[in-house]
Amino acid sequence: MALSGMRGLSVFISDIRNCQNKEQERLRVDKELGKIRTRFKQDKGLSPYEKKKYVWKMLYIYMLGYDVDFGHMEAVSLISAPKYPEKQVGYIVTSCLLNENHDFLRLAINTVRNDIIGRNETFQCLALTLVGNIGGREFAESLAPDVQKLLISSSCRPLVRKKAALCLLRLFRKNPDVVNVDGWSDRMAQLLDERDLGVLTSSMSLLVALVANNHEAYWSCLPKCVRILERLARNQDIPQEYTYYGIPSPWLQVKTMRVLQYFPTVEDPNTRRSLFEVLQRILMGTDVVKNVNKNNASHAVLFEALALVMHLDAEKEMMSQCVALLGKFIAVREPNIRYLGLENMTRMLMVTDVQDIIKRHQAQIITSLKDPDISIRRRALDLLYGMCDVSNAKDIVEELLQYLSTADFAMREELSLKVAILAEKFAPDLSWYVDVILQLIDKAGDFVSDDIWFRVVQFVTNNEDLQPYAALKAREYLDKPAIHETMVKVSSYILGEYSHLLSRRPGCSPKEIFNIIHEKLPTVSTSTIPIILSTYAKILMHTQPPDQELQNQIWAIFNKYESCIDAEIQQRAVEYHALSMKGAALMDVLAEMPKFPERQSSLIRKASDSEADTAEQSAIKLRLQQQSSNALVVSDQRPVNGAPPVNQLGLVKVPSVERSNAEQGVTHTNGALTVVDSQQPSTASPDLLGDLLGTLAIEGPPGAGHPSESGVPSGLEGGANADALAIAPVEEQASTVQPIGNIAERFHALCLKDSGVLYEDPYIQIGIKAEWRAHHGRLVLFLGNKNTAPLSSVQALILPPSHLNLELSLVPETIPPRAQVQCPLDVIILRPSRDVAVLDFSYKFGPHIVNVKLRLPAVLNKFLQPITVTGEEFFPQWRSLSGPPLKLQEVVRGVKPLPLVEMANLLNSLKLMVCPGLDPNPNNLVASTTFYSESTRAMLCLIRVETDPADRTQLRMTVASGDPTLTFELKEFIKEQLVYVPISSQAPAPAPAPPTQPTSPPPTAIPSSDPGALLAGLL
């Protein structure tokens, strides 16, 4: 790019380089842009030299990162210039500034075509480069025949033909119909006879795309690909410029072997023998050397050869050689080679008869679990999980349990799940399985899902011989001074059912069992207390003869929890207390649990499903998975084994409306499109989010009126203002697409729960499901297309506040008809704040372009963990936090008048545990919670709310914590929630509503004809 003679451009670049700071640079750029804009308006006086100079300046400014939103027409007009300098500038700047959908590109199609079919090879190369970079469907339809002629022309220079092949590849990706399969199969075979390696490499890239689309038409290319590999492997007639560190054209070797992987098999025996000779030469001739570049090239060829060997299902001897080679690679010092060795050894597990050979490297694989690189540790974990069977299960599970104590937190959840699956699949006896799961809970309780300990309970209940052993192990773990809450759950359950089997053992009398469990009661959350109450009732039932002292102690506990604000705990306490006073009735009601029906474990089912999928995957599918977005798309697909559990972030089905079982839906599984049979679900799905998002299949014309399309249900005060805060169009022009339901109500509902609908309009529904653990959170956005046409130009941008770290996965540009996309969003809170993250979401449906900003419910209370404190714990902490800024007090006015019980329910829904009995005034509430963030870690917070029975619209609130910022932010957050309390609409309902639970606010009355509004009412 010669800039000689352009003094103005050189001076501008020098001025930019001499700027002392970013502000000076911006001012200089703005000045230059203003000058260019003025000169372009005076287009009549611009010479070609000046136009070229100003367009160069625009490109330089664009490269600096500034927006250039004018001058595009001038750049495109230079393409039609007769001289090379102006034409070069036009092509280069147009390629950089415009995209394939820009309207100005249509003006240049004829000029580009004239350059392609012209006689000037330089102009041909410029035009082909432009089309190869930004060509779209219109270019494909207009220029594909001319590009094909250039590619197969024998009179064109190799440089032009190389560019023509890559240009045709771009056009084929944009519109596959431009390449006629019947006519191009023979032409591609002829192109593979080309001696010029540059043309051959470009043609091979085109062939990869063609056979990926339809390999059946290109069988004639298979033997020629093998001959190309032979030529490269023997280094025959390879120019020096295509030899990279002594390796003949490694890029062409990789592409050729990739083409061969798209064919199911090589049928001709001579061709197959030649191919295996080449692969044998590659396997034998690759070794680790000191030169990094040569290592990269040789190993790229080697690992592609390994993938081809696995695809062709070679003889066992060659497979053994591959495993031995990989075993050597996983022991080298270079981390990239170790990673690739582990990854390819995991793929080798798909091949039969090599598992025993891989087991020889088990010690080295276990060593890789301690590698400093987490990606290598993950690959080692996957490989150990895949190679485990009955013969080595004990050793592998023992190693994984030891590794669990030092594993990264990012791996512990996956590691715990895999240990549980392996222990269940390959347990030599059930007592070993119980030992493993209890060790797992003890070492990684935070990462053990409920499914795991549920399964232990099922095994123990169904096997009488196992019950005394399990009860004894549970008793031993309770002796530890500090155990995880999940261990308290499983131990309490097992001892409640089977502790009477240990009554003759020392330290296992009913009273001793009760005392050791009761020691754990103050440390557990409200979800565990019901299990412990059931255990107390069971112990009372099994105590024969009755122990009056023990009975009085347990009755006192029941009596204490009869006034608990949690409905589940209160109900159990009342019922157990009443039953225990009836004596014999307690024996009948609390009899030993019956055996569970025999069914396959949900963990085993997940494992077998994933193994079945993996066993059928070839290297082609693996590559497609790697190239696809990590957002999962499902459409009208019913899970084979029923719906996933509520707490599982799995695929949520989108049920179809009025579809027959013969119809077929398209699914997108890890990026691979397949056709599946769709079935109408016969029963309601137990999946909460599946039910909430079930209306995604509702379709209707854009003009179909919805009673609540205004977005403000009647009876909601301030609804319009709140909506303006929750959703705001980016454009000044108002959007014609109105949301369904009240957006602010949806947001505030999600602030109090973890799943529901965030936004809905006639075309799309955005749902959320979230999990929160300490200062980490994971939200999954469910983007559901409700119509029979696709949604295009989908974009999602997170506008994070400074106190949150947010990472959103890739969002596909198109959502297929009646399909749903899952986009995970990881959240980490750095410090306390009430600021809210915003989702800037836009899409296009037909003529409608919708752009909305939605508040995300990653709010302060999501990072709270309720905790129960006693008077002995509360008052010393309360006194130690004396005065501002650690203790703040405020009189709050304008509070929605609520009875004291409903206000307590509201505080509990905000994860503030109301502690009854601490304040002597019955009109006051005292609550406690723990706040987690990356800066404060676990921080105890104490709250006192003093109400006036004569005036419920005002109260005095005191908040105390060890962090001044946290105290202020939590006080303001609670105040906002007390002032904003959703109330039911005053519109008359057609039928009396059923009584609601005291822990949730009354629903808003919504017309029954609007499905979206009904869904908002459910939330």
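Residues numbered from 1 in each chain as written. Predicted model: local features only at pLDDT ≥ 70, side-chain atom pairs only at ≥ 80, totals over all residues. Heavy atoms only, no water.

### Observations regarding the overall build of the protein chain
Moving on, step 1. In terms of helices and strands, the protein chain carries 40 helices and 19 strands.
Moving on, step 2. Buried positions account for 50% of the 1019 residues belonging to the protein chain.
Moving on, step 3. Taking all contacts inside the protein chain whose residues are at least 6 apart in sequence as the whole, residues at least 24 apart take part in 67%.
Moving on, step 4. Accessible surface, the protein chain as shown: approximately 47,500 Å² in total, 52% of it carbon and sulfur. (Helix = DSSP H or I, 4+ residues; strand = E, 2+ residues; numbered from the N terminus. Buried < 20%, exposed > 50% of the residue type's maximum accessible area, 1.4 Å probe, protein only. Contact = heavy atoms within 4.5 Å. Areas by Shrake-Rupley, 256 points an atom, 1.4 Å probe, with all protein chains shown as cover.)

### Some thoughts on helix α3 (residues 48–63)
In an α-helix, one turn spans 3.6 residues; hence positions three or four apart end up facing the same way.
Moving on, step 1. Look at α3: 23 Å from first C-alpha to last across 16 residues, which is about the 22 Å you get at 1.5 Å a residue.
Moving on, step 2. Counting buried positions along α3 yields twelve of 16 residues, so the element is predominantly enclosed.
Moving on, step 3. Where α3 is concerned, the buried positions are Glu-50, Lys-51, Lys-52, Lys-53, Tyr-54, Val-55, Trp-56, Lys-57, Met-58, Leu-59, Tyr-60 and Ile-61.
Moving on, step 4. Looking at the buried residues of α3, the elements they touch are α1 (7–17), α2 (22–41), α4 (72–77) and α5 (84–97).
Moving on, step 5. Positive backbone phi, approximately 105°, marks Gly-65, located one or two places after α3. (Expected span 1.5 Å × (residues − 1).)

### Digging into the packing of aromatic side chains
Moving on, step 1. Inspection of the entire model under this criterion finds 17 aromatic pairs.
Moving on, step 2. Pairing Phe-874 with Trp-878 gives two aromatic rings, centres 5.4 Å apart and planes at 20°, and the pair type is stacked. Here the residue Phe-874 and the residue Trp-878 both occupy positions in helix α37 (residues 871–880), the gap between them amounting to four residues, near one helical turn. Across the pair, Trp-878 and Phe-874 agree in class, each one buried.
Moving on, step 3. Ring-pair connections join several aromatic residues into one group, and the members of that group are Phe-40, Tyr-54 and Phe-70.
Moving on, step 4. Lying across the ring of Phe-70, Arg-37 places its NZ or CZ 4.1 Å from the centre.
Moving on, step 5. Across the ring face of Phe-123, the terminal group of Lys-87 is positioned such that the distance to the ring centre comes to 4.8 Å. (Phe/Tyr/Trp six-rings, centres within 6.5 Å; stacked < 30°, edge-to-face > 60°. Lys NZ or Arg CZ within 6 Å of the ring centre and 35° of its normal.)

### Focus on the pattern of salt bridges
Moving on, step 1. Within the structure shown, the criterion is met by 49 salt bridges.
Moving on, step 2. The closest approach of N and O atoms between Glu-23 and Arg-26, which form a salt bridge, is 2.4 Å. Here Arg-26 and Glu-23 lie together in helix α2, a separation of three residues that amounts to about one turn.
Moving on, step 3. Note that Glu-121 and Arg-157 form a salt bridge whose closest N and O atoms lie 3.2 Å from each other. Pair noted here: Glu-121 is in helix α7 (residues 121–134) and Arg-157 is in the loop between α8 (137–152) and α9 (158–174), with a separation of 36 residues, a long-range link.
Moving on, step 4. One salt-bridge network, in which partners are shared between bridges, spans Arg-378, Arg-379, Asp-382, Glu-414 and Lys-418. (Salt bridge = Lys/Arg side-chain N within 4 Å of Asp/Glu carboxyl O.)

### Overview of the nonpolar core
Generally speaking, nonpolar side chains in soluble globular proteins are found buried as a group.
Moving on, step 1. Within the largest apolar cluster, 209 residues are counted, with the highest numbers of intra-cluster contacts made by Val-112, Leu-207, Tyr-218, Leu-533 and Tyr-536.
Moving on, step 2. Residue contacts for Tyr-536: discarding those within four places in its chain leaves Phe-514, Ile-517, His-518, Leu-521, Ile-554, Ile-557 and Phe-558.
Moving on, step 3. By size, the runner-up hydrophobic cluster in this structure holds 67 residues, among which are Val-737, Cys-751, Ile-766 and Val-852. (Core = buried A, V, L, I, M, F, W, Y, C linked by side-chain atoms within 4.5 Å.)

### Some points on the packing of helix α27 (residues 510–518) against helix α29 (residues 548–561)
Moving on, step 1. As a packed pair, α27 and α29 sit with axes 10 Å apart at the nearest point and diverge in direction by 30°. Between α27 and α29, the angle falls in the class roughly parallel. As α27 packs across α29, the resulting crossing turns out to be left-handed. Contact residues: α27 offers Pro-510, Lys-511, Phe-514 and His-518, while α29 offers Glu-549, Leu-550, Gln-553, Ile-554 and Ile-557.
Moving on, step 2. Of the residues belonging to the contact of α27 with α29, the class tally is five nonpolar, two polar and two charged. (Axes fitted to C-alpha atoms, helices over the stretch in contact; angles between N-to-C directions. Parallel < 35°, antiparallel > 145°, perpendicular 65-115°, else oblique. Left-handed = near helix turned anticlockwise from the far one by under 90°. Nonpolar A, V, L, I, M, F, W, Y, C, P; charged D, E, K, R; others polar.)

### Some words on the sheet that holds strand β12 (residues 838–845)
Consider a sheet: its strands pair through backbone hydrogen bonds, and that pairing is either parallel or antiparallel.
Moving on, step 1. Reading across the sheet, the three strands line up as β9-β12-β13 and stay open at both edges, with antiparallel pairing between neighbours. With partners counted over all chains shown, the strands left at the sheet margins are β9 (792–799) and β13 (848–855), one partner each. For this sheet, the mean inter-axis angle between neighbouring strands, taken without regard to orientation, is 10°. (Pairing = 2+ DSSP bridges.)

### Details of α8
Moving on, step 1. Its 16 residues give α8 an end-to-end C-alpha distance of 22 Å, which sits within 8% of 22 Å, the value for a rise of 1.5 Å per residue.
Moving on, step 2. In α8, a bend of some 60° at Leu-143 exceeds every other bend along the element, and Pro-145, a proline, comes one to four places later.
Moving on, step 3. Every buried residue of α8 is listed here: Phe-139, Ala-140, Leu-143, Ala-144, Asp-146, Val-147, Gln-148, Leu-150 and Leu-151.
Moving on, step 4. Tucked inside the fold, the buried residues of α8 contact α6 (105–117), α7, α9, α10 (181–191) and α11 (197–213). (Bend = angle between axes of the 7 residues up to and from the residue.)

### Digging into the confidence of the model for the protein chain
Moving on, step 1. When pLDDT is averaged along the protein chain, the result is 79, and 82% of the positions lie at 70 or above.
Moving on, step 2. Mean pLDDT across the secondary structure elements of the protein chain bottoms out at helix α34 (residues 688–692), with 32, and peaks at helix α13 (residues 250–260), with 93.
Moving on, step 3. Segment residues 611–734: pLDDT under 50, and 239 contacts once partners within four positions in sequence are set aside and those in other chains are kept.
Moving on, step 4. Here residues 983–1019 is a poorly scored stretch, pLDDT under 50, and it has 50 contacts once near neighbours within four places are set aside; other chains count. (pLDDT = per-residue confidence, 0-100.)

### Side note on the side chain of Gln-362
Moving on, step 1. The topology assignment puts Gln-362 in helix α19 (residues 362–368).
Moving on, step 2. Excluding its chain neighbours within four sequence positions, the residues that come into contact with Gln-362 are Met-387, Asn-392, Asp-395 and Ile-396.

### Description of a negative patch on the surface
Moving on, step 1. Taken together, the side chains of Asp-313, Glu-315, Glu-317 and Asp-353 present a region of like negative charge at the surface.
Moving on, step 2. Mapped onto the elements of the fold, Glu-315 is located in the loop between α15 (292–312) and α16 (316–329). (Patch = residues over 30% accessible without salt bridge, like charges linked within 9 Å, V, L, I, M, F, W, Y side chains within 5 Å. Lys, Arg positive; Asp, Glu negative; His and termini not counted. Charge placed at Lys NZ, Arg CZ, Asp CG, Glu CD.)

### Structural notes on the packing of helix α21 (residues 393–404) against helix α23 (residues 430–443)
Moving on, step 1. Two elements in contact, α21 and α23, have axes separated by 10 Å at closest approach and are oriented at 15°. Taken together, α21 and α23 sit at an angle that is classed as roughly parallel. The element α21 and its partner α23 pack so that their crossing is left-handed. Contact residues: α21 offers Ala-393, Lys-394, Val-397, Leu-401, Gln-402 and Leu-404, while α23 offers Trp-432, Val-436, Gln-439, Leu-440 and Lys-443.
Moving on, step 2. Taken together, the residues of the contact of α21 with α23 break down into seven nonpolar, two polar and two charged.

### A few points about the state of the cysteines
Moving on, step 1. For the structure shown, the criterion picks out zero disulfides.
Moving on, step 2. In this structure Cys-125 is not part of a disulfide, and its nearest cysteine sulfur, from Cys-156, lies 9.4 Å away.
Moving on, step 3. Residue classification places Cys-125 among the buried residues on the basis of a relative accessible area of 12%. (Disulfide = S-S within 2.5 Å.)

### Some remarks on the pairing of strand β17 (residues 924–933)
The side chains of a regular strand alternate between both faces of the sheet.
Moving on, step 1. Most of β17 sits inside the fold, with nine of its ten residues counted as buried.
Moving on, step 2. Summarising the sheet, strand β14 (residues 864–866) and β17 pair through three bridges and their orientation is antiparallel. What sits directly across from Gln-865, in β17, is Thr-930.
Moving on, step 3. Across two bridges, strand β16 (residues 913–914) lies against β17 in antiparallel orientation. Within β17, the position partnered with Val-914 by the bridge is Ala-927.
Moving on, step 4. Two elements, β17 and strand β18 (residues 937–948), share ten bridges in a ladder whose sense is antiparallel. Bridging across to β18, Thr-929 finds its partner in Cys-941.

### Some thoughts on the environment of Lys-480
Moving on, step 1. Among the secondary structure elements, Lys-480 is positioned in the loop between α25 (467–478) and α26 (485–498).
Moving on, step 2. If we ignore the near neighbours within four places in the chain, the residues touching Lys-480 are Asp-442 and Lys-520.

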